[in-house]
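Here's the letter readout for the chains.
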Amino acid sequence: MDWACAAASGNDLAAILDTVIDRVGEPLPGGRADLAFLFLAAEHAGHAEEALAAVRAELGDPHVVGCGAGGVIGGGREFEHVPALSLLAGRIPGAAVHGFQLDASALPDPDGPPRAWHEAVGVSPADTPSFVLLGDPFSMPAERLLVGLDFAYPDSVKVGGLASGARREGEQVLFHGDRVVREGAVGVALMGDIQVTPAVAQGCRGLGPAMRITGCEGHLLEGLDEKPVLEALQETLADADPDDRSLAEQALFLGFETDPFAMDGEKPWLIRNLLGIDPGTQGLWVGEVLRRGRRVRFHVRDRRTSIDDLESTLARADPRPAATPHGALLFSCLGRGRTLYGTPDHDSRMFLDRFEGVPLGGFFCSGEIGPVGRDTHVHGYTSSFGLLAPRG
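Residues numbered from 1 in each chain as written. Predicted model: local features only at pLDDT ≥ 70, side-chain atom pairs only at ≥ 80, totals over all residues. Heavy atoms only, no water.

### Describing the overall build of the chain
(1) Moving on: Scanning the chain from N- to C-terminus turns up nine helices and 25 strands.
(2) Moving on: Here the C-alpha radius of gyration of the chain, 21 Å, is about what a compact globule of 392 residues would show, namely 21 Å.
(3) Moving on: Structurally, the chain occupies a C-alpha span of about 65 × 50 × 45 Å along its principal axes.
(4) Moving on: Within the span of the chain, comprising 392 residues, buried residues form 55% of the whole.
(5) Moving on: Within the chain, contacts between residues separated by at least 24 positions form 80% of all contacts whose residues are at least 6 apart in sequence.
(6) Moving on: Accessible surface, the chain: about 16,300 Å² in total, of which carbon and sulfur atoms supply 47%.
(7) Moving on: Each charge class in the chain was averaged separately, 34 positive and 55 negative side chains, and the resulting centres sit 2 Å apart. (Helix = DSSP H or I, 4+ residues; strand = E, 2+ residues; numbered from the N terminus. Rg over C-alpha atoms; globule rule 2.2 N^0.38 Å. Buried < 20%, exposed > 50% of the residue type's maximum accessible area, 1.4 Å probe, protein only. Contact = heavy atoms within 4.5 Å. Areas by Shrake-Rupley, 256 points an atom, 1.4 Å probe, with all protein chains shown as cover. Lys, Arg positive; Asp, Glu negative; His and termini not counted. Charge placed at Lys NZ, Arg CZ, Asp CG, Glu CD.)

Put into structure tokens, the structure is as follows:
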């Protein structure tokens, strides 16, 4: 298995295409690829067909999957809000690549059998596929898609992201094999001698104790541990140190328990945004459907916490010595990068500090896809990695 990645920026798309394709093709056997991930900045989206044709012509007609982006990642660099493209391509003998496209109107019924999803995707769960998924945020209900795929393929890894850079429906770019499509979702199922190891860094740490939801309706959180939610929050903040209280004013989130049997220090929490206070009930609006009895914990996020969380996430996901990654994908939030860290290339540098020399490609997303616990979710302010290695 051989992977190579490069990225470049510039207003001349033909010139940066030549540069990137040459850099990627040189280390690949015969300059040919079986699979390529192409991410194209919004400034060049109007020439998506040209970029796709060049990649396929120069790299031996690989299956191409990718999308438009508000920023691209590759070659150890992160190009944010500039005209650029990134290309990660691989020769993967012994692996099978199955590309698919899904439209929102044709998604199987949520109450239907798993077989309907198997037919829509075109892959059997017996093949133990790993999925890389890219969706248009305007036209694809991503959470519904992921619930269905988890239902139909419970043992499969799913990573990816929602395309960014477009301002309205119909303007997005999705690469699917030899075609450009502008709505729905595209993806690849990877089977045979290839495995994808996920690593999802949400960048938060817990604040105060875990509590149980005792009052809620839909997305409105009204009670925790039999107390009004704002009273429970005030008690949590009263016990916090001054720095955490100050941080909570700007970056307070709610974490949902995903594994009740995990040790507290290793417990994976699904982080969701707090959207505001309801003036009528004095409850908190939360970016997640709520249910009574579920355990939650307040969380905070800052630069230092994000760094620590990324470091520990990559360490836990490191498959060595059992397997060595040969390539990797990074789906990072538009709110990370320079906005969070104040410096360029941060998450890419941390990845390469641990996995030196591993080709890493990806883009800045409108939502990041990856598992927390056993379920796959769309995240925000997250970096979701997929490490690519031979299965054996």
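### Structural notes on helix α2 (residues 48-58)
(1) Moving on: Within the sequence span of α2, burial applies to Ala48, Ala51, Leu52, Val55 and Arg56. The arc that holds every buried residue of α2, seen down its axis, measures 125°, which confines them to one face. Facing away from the buried side of α2, by more than 90 degrees, are the exposed residues Ala57 and Glu58.
(2) Moving on: On the buried face of α2, the contacting elements are α1 (13-25), β2 (35-41), β3 (63-69), β6 (84-91), β10 (174-177) and β11 (179-181).
(3) Moving on: Downstream of α2 by a residue or two, Gly60 has a phi angle that is positive, lying close to 80°. (Arc of directions from axis to C-beta.)

### Re the packing of aromatic side chains
(1) Moving on: For the coordinates displayed, the defined rule picks out nine aromatic pairs.
(2) Moving on: Taking 6.0 Å as the distance between ring centres and 85° as the angle between the ring planes, the aromatic pair formed by Phe100 and Phe131 counts as edge-to-face. One end of the pair, Phe100, is in strand β7 (residues 95-102); the other, Phe131, is in strand β8 (residues 130-135), with 31 residues separating them in the sequence. In this structure, Phe100 and Phe131 share a single accessibility class: buried.
(3) Moving on: Plain terms: the ring middles of Phe253 and Tyr381 are 6.4 Å apart, the flat faces sit at 65° to each other, and that makes the pair edge-to-face. Of this pair, Phe253 sits in strand β17 (residues 252-257) while Tyr381 is found in the loop between β24 (375-379) and β25 (383-389), placing the two residues 128 residues apart along the sequence.
(4) Moving on: The class for Tyr381 is partly exposed, based on a relative accessible area of 39%. (Phe/Tyr/Trp six-rings, centres within 6.5 Å; stacked < 30°, edge-to-face > 60°.)

### So, the nonpolar core
(1) Moving on: With 32 residues, the main nonpolar core has Trp3, Leu35, Phe37, Phe39, Leu134, Phe331 and Phe363 as its most contacted residues.
(2) Moving on: Leu224, Leu254, Phe256 and Leu284 belong to the second largest nonpolar core, which has 30 residues in total. (Core = buried A, V, L, I, M, F, W, Y, C linked by side-chain atoms within 4.5 Å.)

### Digging into the pairing of β25
(1) Moving on: For β25, a buried count of seven out of seven residues is recorded, marking the element as mostly surrounded by other parts of the structure.
(2) Moving on: Taking every second residue as pointing to the same face, both faces of β25 are buried, with Ser383, Phe385, Leu387 and Ala389 on one and Ser384, Gly386 and Leu388 on the other.
(3) Moving on: Of the pairings in the sheet, the one linking strand β21 (residues 327-333) to β25 comprises six bridges and is antiparallel in character. Along β25, the bridge assignment pairs Ala328 with Leu387. (Pairing = 2+ DSSP bridges.)

### Let's talk about the side chain of His379
(1) Moving on: Tracing the backbone shows His379 in strand β24.
(2) Moving on: The exposure class of His379 is buried, given its relative accessible area of 5%.
(3) Moving on: In this structure His379 touches Val200, Gln202, Leu270, Arg272, Gly367, Glu368, Ile369, Gly370 and Val372, once residues within four positions along its chain are discounted.

### Details of the pairing of β8
(1) Moving on: The buried fraction of β8 amounts to six of the six residues, a majority that puts the element mostly inside the structure.
(2) Moving on: Of the two faces of β8, the one holding Ser130, Val132 and Leu134 and the one holding Phe131, Leu133 and Gly135 are both buried throughout.
(3) Moving on: Of the strand pairs in this sheet, β8 and strand β12 (residues 185-192) are connected by six bridges, and their pairing is antiparallel. Looking at the pairing, Ser130 lines up with Leu190 of β12.
(4) Moving on: In the sheet, β8 pairs with strand β9 (residues 158-162) via five bridges, with the strands oriented parallel. The partner of Leu133 across the bridge, within β9, is Gly160.
(5) Moving on: Traced from β8 through helix α4 (residues 142-152) to β9, the parallel crossover comes out right-handed. (Right-handed = clockwise from strand over helix to strand, strands pointing away.)

### Section: the packing of helix α3 (residues 114-121) against α4
(1) Moving on: Taken N-terminus to C-terminus, the directions of α3 and α4 make an angle of 110°; their axes are 9 Å apart at the nearest point. Between α3 and α4, the crossing angle belongs to the class labelled roughly perpendicular. Residue-level contacts link Pro114, Trp117, His118 and Val121 of α3 to Arg144, Leu145, Gly148, Leu149, Phe151 and Ala152 of α4. (Axes fitted to C-alpha atoms, helices over the stretch in contact; angles between N-to-C directions. Parallel < 35°, antiparallel > 145°, perpendicular 65-115°, else oblique.)

### Here we look at empty space enclosed by the protein
(1) Moving on: On inspection of all chains with the given rule, the structure shows one cavity of 30 Å³ or more.
(2) Moving on: Of the volumes computed, that of the largest cavity is approximately 70 Å³.
(3) Moving on: Surrounding the largest cavity, Phe100, Leu102, Leu133, Leu134, Gly135, Met140, Ala142, Leu145, Leu162, Ala185, Val186 and Ile369 form its lining.
(4) Moving on: Mapped onto the lining of the largest cavity, the elements with two or more residues apiece are β7, β8, α4 and β12.
(5) Moving on: Element by element, the count of residues in the lining of the largest cavity is highest for β8, at three residues.
(6) Moving on: Split by residue class, the lining of the largest cavity holds eleven nonpolar, one polar and no charged. (1 Å grid on protein atoms, 1.4 Å probe; cavity = no way out; pocket = protein on both sides within 12 Å on 5 of 7 lines; lining within 4 Å. Points joined across faces, edges and corners; volume = space filled by probe spheres on them. Nonpolar A, V, L, I, M, F, W, Y, C, P; charged D, E, K, R; others polar.)

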